[in-house]
Every structure is written in structure tokens, then in C-alpha cells.
Amino acid sequence: MITWLGGLCLLRAEFQWRETLWWVEFLGLQYLALERFEAIWSALGATSCLRCLAGMWCLEVVLVVCGFIVKQTAGRLPAIWVLGVAYLLGGWVLIYFMMMFCGTVFTLQRAMRTARKEANTAAMEALLASRRDAFLQGIGFLASYATTQTLSYANSFLGLFEEYHSYFAAQCVNIVVNVVGVLLLSNAYKLLACCGSARPPALPWFRCSTCPRIPDLRHDIAGKGSQWIAKTVDLATRGIFLADLIAFYKQIFDPAIMSFKPSVHTTNDVVRLAIIPLTSSTCSSYAELLNRRHKVVPSKMVTHNWSNLFRDLVASVVAHALGEHSFDFVAELLSDMEGTKVVEEALLVRGLLEKTYWICAFAVNQHAGICGENPKRDIDPVTQVPHPTCPCSTPKFFNKDPPLNKNGESIHCEMNKFDDMMALLAEHNSWFEEVVAVDANLDLFGRAWCVAELAEAYRRGMDQKLMLKSKTILLRRQCTLEGLQVENMQASRPEDVQHILAKIPDKQAFNQDLKKLIFDRQEGLLAAWKKADVLQQMEELSHVLRWADLSREIEDGGLIWRRWPAPAPF
């Protein structure tokens, strides 16, 4: 845009604005780079550098504004000193970015040597493509930035381009270099070789600050009584550390616990075959058993459905912690104990094992609910033996079991408070986030409690992070969501559906809002995920770079490239 304005001034011969435009373009390019390359800094584990650069950019903006004010009030010479400091800061930014690109290329180069030993063609192709993209985008940014910085220096400090013809030539060079830089930086150059090919539709921008809120899922927690609030608070403080989640996942590979097969066992299977038996001695939730009844307040809540593979649930949480955009590769690593140890070491290297999540399978005391029955006669998909029931004498509380609050809801039931609990955590932590672990079939959007949690988080303006297995699955199956209606939602217990529907007075309006929540081209969850897939930022490069960096830091880094999957066709 700034380059376009400069060209317009060139055509109209209004080149007295040249200095202002070049400085604005100079700052604009830095801002673009900070946003565009955010995921690369994250992949390299250098978020502190990103914060430092953001601080330097803010200081530059202040100095440039002060410089132009000084120029108008005290003359050109004092302004040169102020703008000179801003220029030097810009030089440091350029050095930082050069170091980042060099680090990126060297990291990918080292990973290529490892991948070559593993003889995985898919890994080599991914690394080669990422190295090419990093090189081209680096050249595009550095060329644009260096050209603008040079012209700003020549004009502001050397007094060049006072004549129209010299400005004309300089601006022509600037426009050409910036157009080439934008083509390289945005990957738009790839379109030149793909004319006529089938492509997904344009992906919209997402602005969380303008999200509409679903108005019809009403809450009045305070009016439900002190006992209800106390139980909700108790439930809300049963977070689980990522370290404990990985330890549990490794534990269930033990045949003495269950015949765990990651590719077939669902979350429901793991709850019935592992979580309930492991907590039978304390008759508590697994989170309470781990935390020894200490309160652990989670920073994230995971929305998931129990029919999803347990491996994919864990993969969603791990991928979210690592900053990944999809979880297919993490799921591949979690398919056996060897890969699970690599995942654990990667989390340890990045210092992520202390992250806390709220996951209902671990937070809810199954002994106060479902442990004594197997109404659907579910079986272990490996042994074909029916899920066992627990003989414990812990009192069971379901939706209508007394004592009841004034709305007729069971106070001691732990399976009717998920939306209230989410609202409570969001009120006490403005950074509280919902992680939506979507299964490969997108069945989550047809589950009653999952939709209720999505709606409550959306209504309250919480950050919502969709974790999908891959873009391919989304493009193939998103059409199956278009007929969603809250009346057709399902739940493990029919009373849950009635409980949720009772909170929605206008179901037709809710269905419209639900579709907007998921599909809206500007604000919906899928739009947000797709936008992040485009900008997050240079997703494929940051994804490959993250694992390339981890492969050199962990002991068995070669396993990452042995397992690297071939890209799935659309």
C-alpha cells in the first residue's frame, strides 16, 4: 500500500511526501516481517527475540514521529540525530532477521544430513521445499527492506532526491524491488506456475475482537446457590500437567493395565479400561489422584468427544503445546512407545511439560458417575471382551439426583457443570483458552456437550484453538457439517441432551448462530483455522523447521525423519 502511494506521488509529481512515505514503508516492512515470521521465531524457540524486536519496533515508531515533529519545529539538523537513532535500530532489526534466516537455513541443512541417512524420501522433499521457501522469502524480505532503508538514508541524511528526476528513478527501483519482494514473501509467485489448477477458495481474515456472541446459552451461576458454586470450583481446579498426561500415556502401553493399541482404542475405551481401574483404590478422579487433592488451576480446557481415538486426543494437546497447527505427525509419533519417548523429550527440551490442561476424562470422578454400568455393552476392540464395571460403593450422582438446586439440577453431579466451569475459569483468567480437539470424522460437532462448550467459549469471547488432524481431512469432510442442528445432537447419556436443550429457548436462532460460529467466512472457527493455515505463518516451513530444530536437540532425532509422512493428496 505504501509503495502504491509512493508511485501515486511519483505520477502526480508530489514528491515532497517522499521522505514520510519511505519512513512509513520502512516501519511497515518491519511490522509485516514481525507478523509474517512469528511462527519461525517460535519454531526456533526464540520467542524472546521476537519480543525484543517488537519492543525495538515500537521505539522506532516513537523516534520517527518525534523526528518529524522536531524537523517541523527545530529544523533539519536536530531531526537528523533523532531519525539517526531510529535508523540504527532499523539496522539492528535487519541484522536480527539475517541471523534468523541463516539459522533457519543451517538448521534445515543439518536436518537434511540426518534425513539422508534415514533414506526417507518424503522427509528429504519436505526439507528441500522448506529450505527453498526460507531462502526465497528471506531474499524477498531482505531485498525490500534493504532497498527502503537505503533510500530512506539517502534522502534523510544525504539530502539526495531533491530533484524530481532522481526521485523518479529511485521510486521506480523501489517499486520493482518491493513487488518482487512481496511476491516472494507471500508465496504468490507459486500461483504463476499453477494457472488453471484446482485450488481451495480464498481464505478469509479472522478478527476475534469483532466476534458476535451466542446469546441464548444463558448462565446465572451465582443464582444456583453456594453448594453449586463450590462444586463447580472444585471441578475447575482439577487440571493435569502435560508431564502427567504423557506419563499416563506411556503407562497404558503396559499389557498389565490394558492391551493398548493407539490406532483403535478410543477415549471411552481408555476411561473404562485404564482410568477407572487405576483410580479404584481412591475412588477419585485421575487428576485428584495425581495431584494428591491439591488444587491445579488449568490454563486451557480441552473440548473433545469420547469416540475419538485417545492417541489423537493426546496428540491434539501435545501439538497445541508445541505450537503446531495440526496433529497428524504428532499422532504418528504417538503410535508406539519409541515415538512417545521422542515426543516427551521434545516437550522437555522446549520446557512445556508444566503446561496445564483441563480434560474431562481425567478431571471428572468416574466413580461418582459411570463406573458401575456398561449400558451400551461396549467391548475392548482388541480383546473383544466387554468393558468391566467397577464394584465400588461410591454414591453415584446424575443430572436429577438430589440434592437439587432451584433449577432442578443435581448439585453433586460432575457431568452437568462443564459450561459453568468454563465460564468460571474464563472470568478469573482473561487468557484462558479452549482447545478444540477435533476427531478425524468431525463427529465432535455433533456431540451435545462439545457444542455447548464451543458456544459458551464463543459467547464469552474466549480464545478458541481448533486442532485438526490435517487440512486434507477438513477439505474432504467440512460439507458434512452444513446440516447441523442442536436438536439432533447426541450424548453418551440422553439426559445430557435434554439438560442442554433446556437452556436454549430459541433453537432455530441457536442453530443459525451455531452455523455462524463454525462457518462464518470472516469470524467462524473454520475461517480462523484456515487463516492460521495460511499465515501461521508460513505453516509448512515453520512445521518442518520446528521438528528440524528438535531433531538436533533430542537423543534419537533420526526417528523424526524416519517417521516423516508423505503428503496426503487433496
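Here is a short report on the structure shown in this document. (Residues numbered from 1 in each chain as written. Predicted model: local features only at pLDDT ≥ 70, side-chain atom pairs only at ≥ 80, totals over all residues. Heavy atoms only, no water.)

### A closer look at the overall build of the chain
Then, in step 1: In terms of helices and strands, the chain carries 23 helices and 5 strands.
Then, in step 2: Buried positions account for 54% of the 570 residues belonging to the chain.
Then, in step 3: Considering only contacts in the chain between residues 6 or more positions apart, those separated by 24 or more positions represent 78%.
Then, in step 4: Total accessible area on the chain stands at roughly 25200 Å², and carbon and sulfur atoms take up 60% of it. (Helix = DSSP H or I, 4+ residues; strand = E, 2+ residues; numbered from the N terminus. Buried < 20%, exposed > 50% of the residue type's maximum accessible area, 1.4 Å probe, protein only. Contact = heavy atoms within 4.5 Å. Areas by Shrake-Rupley, 256 points an atom, 1.4 Å probe, with all protein chains shown as cover.)

### Let's talk about the packing of aromatic side chains
Aromatic rings in a pair are described by how distant their centres are and how their planes are angled relative to each other.
Then, in step 1: Counting across every chain of the model gives 15 aromatic pairs.
Then, in step 2: On the numbers, 5.4 Å between centres and 45° between planes, the contact of Tyr31 with Trp57 is tilted. Placement of the pair is Tyr31 in helix α2 (residues 18-36) and Trp57 in helix α4 (residues 47-74), with a sequence separation of 26 residues.
Then, in step 3: Since its relative accessible area comes to 46%, Tyr31 is described here as partly exposed.
Then, in step 4: Taking 5.2 Å as the distance between ring centres and 75° as the angle between the ring planes, the aromatic pair formed by Phe253 and Phe260 counts as edge-to-face.
Then, in step 5: For Phe260, a relative accessible area of 10% corresponds to the buried category.
Then, in step 6: Against the face of Trp228 rests Lys417, its NZ or CZ located 4.1 Å from the ring centre. (Phe/Tyr/Trp six-rings, centres within 6.5 Å; stacked < 30°, edge-to-face > 60°. Lys NZ or Arg CZ within 6 Å of the ring centre and 35° of its normal.)

### Observations concerning a nonpolar patch on the surface
Then, in step 1: On the surface, Trp92, Ile95 and Met99 cluster together to form a nonpolar patch covering roughly 340 Å² of accessible area.
Then, in step 2: Relative to the helices and strands, Trp92 is located in helix α5 (residues 76-118).
Then, in step 3: Since its relative accessible area comes to 51%, Trp92 is described here as exposed. (Patch = residues over 30% accessible without salt bridge, like charges linked within 9 Å, V, L, I, M, F, W, Y side chains within 5 Å. Salt bridge = Lys/Arg side-chain N within 4 Å of Asp/Glu carboxyl O.)

### Concerning a positive patch on the surface
Then, in step 1: A contiguous patch of positive charge on the surface is contributed by Arg110, Arg113, Arg116 and Lys117.
Then, in step 2: With respect to the element layout, Arg113 can be found in helix α5. (Lys, Arg positive; Asp, Glu negative; His and termini not counted. Charge placed at Lys NZ, Arg CZ, Asp CG, Glu CD.)

### Some points on the environment of Lys224
Then, in step 1: Relative to the helices and strands, Lys224 is located in the loop between α7 (164-185) and α8 (226-236).
Then, in step 2: Considered as a pair, Lys224 and Asn407 are 183 residues apart in the sequence and their alpha carbons are 7.5 Å apart.
Then, in step 3: The residues contacting Lys224, other than those within four sequence positions of it, are Asn405, Asn407, Glu409, Asp420 and Lys503.
Then, in step 4: At a separation of 2.8 Å, a polar atom in the side chain of Lys224 contacts the side chain of Asp420. (Polar contact = N/O pair within 3.5 Å; in protein donor to acceptor, adjacent residues only side chain to side chain.)

### Observations regarding the pairing of strand β2 (residues 300-303)
Then, in step 1: Here β2 shows no split at all, with Lys300 and Val302 on one side and Met301 and Thr303 on the other all buried.
Then, in step 2: Here β2 pairs with strand β4 (residues 433-437) via 4 bridges, running parallel. Within the sheet, the bridge partner assigned to Val302 lies in β4 and is Val435. (Pairing = 2+ DSSP bridges.)

### Considerations on the pairing of strand β5 (residues 463-467)
Then, in step 1: In terms of residue burial, β5 counts as a mostly covered element, since 4 of its 5 residues are buried.
Then, in step 2: Judged from the 5 bridges that link them, β4 and β5 form a sheet pairing that is parallel. Across the sheet, the residue bridging to Val435 is Lys465, located in β5.
Then, in step 3: Between the parallel elements β4 and β5, the chain passes through helix α17 (residues 448-459) in a crossover that is right-handed. (Right-handed = clockwise from strand over helix to strand, strands pointing away.)

### With respect to the pattern of salt bridges
Then, in step 1: This model, assessed by the stated rule, comprises 18 salt bridges.
Then, in step 2: One salt bridge in this structure joins Glu414 and Arg238, with 2.9 Å as the shortest N-O distance. Remark: Arg238 occurs in the loop between α8 and β1 (240-241) and Glu414 occurs in the loop between α15 (360-363) and α16 (418-428); sequence separation between them is 176 residues. Across the pair, exposure class does not vary: Glu414 and Arg238 are buried alike.
Then, in step 3: Between Glu433 and Lys300 there is a salt bridge, and its shortest N-O distance comes to 4.0 Å.

### Looking at the packing of α17 against helix α19 (residues 494-501)
Then, in step 1: Where α17 contacts α19, the two axes come as close as 9 Å, and the packing angle between them is 30°. Between α17 and α19, the angle falls in the class roughly parallel. With respect to the hand of their crossing, α17 and α19 are arranged in left-handed fashion. Of the residues in α19, those in contact with Ala448, Trp449 and Ala452 of α17 are Asp496, Val497, His499 and Ile500.
Then, in step 2: Considered class by class, the residues forming the contact of α17 with α19 number 5 nonpolar, 1 polar and 1 charged. (Axes fitted to C-alpha atoms, helices over the stretch in contact; angles between N-to-C directions. Parallel < 35°, antiparallel > 145°, perpendicular 65-115°, else oblique. Left-handed = near helix turned anticlockwise from the far one by under 90°. Nonpolar A, V, L, I, M, F, W, Y, C, P; charged D, E, K, R; others polar.)

Treat this as a map of the structure, not an account of what it does.
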